[in-house]
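Notes for the structure review
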Amino acid sequence: MDKRRAIGSWLSGPRAALEQEGADFGYRGQQLGLPESGPGSLAGPGRRLAALAIDWGLCLLIAYGLITDGYRQATGNWALLIFFVLSVLTVGTIGCTPGKRLLGLRVVVLETGTVSPTRALVRSALLCLAIPALVWDRDGRGFHDRLARTVEVRI
């Protein structure tokens, strides 16, 4: 195989080049034992980011209206704290934040199907750091989900 074809182009990436050569990576979530589509399948990145944006907007609105009384430099810090508390409480109890619920997503542990408050705390703390959430594996799971051993699925 030509090295250029193995590396792939900067648009398609090395995975597309290997798939053109006949490599079979399966679908996202196959290694985790999840279905390919429908309820229980791995949530896509677009829906996950949209849910995150809804949750962040809600937290920013709460910080803006109730705590800082207008937009100030501290509003973003308060919004991050509110987001952390919201995420720990809602994911640790019902498995989803308001944004995830609106978009039909749920956070689960593969072994049990529910998320303990401890795992929700770890996941939320790593999500607030942002860097672990920006590093994804080939299934589309963020590093924060891998460390907390959780997965975000469709309802």
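Bear in mind the structure is a predicted one, so any value in this text is a computation, not a measurement. (Residues numbered from 1 in each chain as written. Predicted model: local features only at pLDDT ≥ 70, side-chain atom pairs only at ≥ 80, totals over all residues. Heavy atoms only, no water.)

1. Regarding helix α6 (residues 117-129)
Along its 13 residues, α6 runs 18 Å from first to last C-alpha, staying within 8% of the 18 Å computed at 1.5 Å per residue. Turning to α6, its buried residues number three or more, namely Ala-120, Arg-123, Ser-124, Leu-126 and Leu-127. What you see down the axis of α6 is that its buried residues fit within an arc of 165°, all on one side. Summarising the geometry of α6, the exposed residues directed more than 90 degrees from the buried face are Thr-118 and Leu-129. Downstream of α6 by a residue or two, Ala-130 has a phi angle that is positive, lying close to 75°. (Helix = DSSP H or I, 4+ residues; strand = E, 2+ residues; numbered from the N terminus. Expected span 1.5 Å × (residues − 1). Buried < 20%, exposed > 50% of the residue type's maximum accessible area, 1.4 Å probe, protein only. Arc of directions from axis to C-beta.)

2. Regarding the environment of Ile-131
On the secondary structure map, Ile-131 appears in helix α7 (residues 131-134). Exposure remark for Ile-131: the relative accessible area of 58% places this residue in the exposed category. Remark: the alpha-carbon pair of Ile-131 and His-144, spanning 13 residues in sequence, is separated by 8.8 Å.

3. Details of the packing of aromatic side chains
Any aromatic ring pair is given by two values, namely how distant the centres are and how the planes are angled relative to each other. In this structure the tally under the stated criterion is one aromatic pair. Arranged with centres 6.3 Å apart and planes meeting at 65°, the rings of Trp-56 and Phe-83 form a pair that is edge-to-face. Within this pair, whereas Trp-56 is found in helix α3 (residues 45-67), its partner Phe-83 is found in helix α4 (residues 74-93), the two being separated by 27 residues in sequence. Taking relative accessible area as the criterion, Trp-56 reaches 31% and is therefore assigned partly exposed. Under the relative-accessibility criterion, Phe-83 is labelled buried at 6%. (Phe/Tyr/Trp six-rings, centres within 6.5 Å; stacked < 30°, edge-to-face > 60°.)

4. Thoughts on the packing of α4 against α6
At a minimum axis separation of 8 Å, α4 and α6 run at an interaxial angle of 150°. Accordingly, the angle class assigned to the pair α4 and α6 is roughly antiparallel. Of the two elements, α4 crosses α6, and the hand of that crossing is right-handed. Of the residues in α6, those touching α4 at Leu-80, Phe-83, Phe-84, Ser-87, Val-88, Val-91 and Gly-92 are Pro-117, Ala-120, Leu-121, Ser-124, Ala-125, Leu-127 and Cys-128. (Axes fitted to C-alpha atoms, helices over the stretch in contact; angles between N-to-C directions. Parallel < 35°, antiparallel > 145°, perpendicular 65-115°, else oblique. Left-handed = near helix turned anticlockwise from the far one by under 90°. Contact = heavy atoms within 4.5 Å.)

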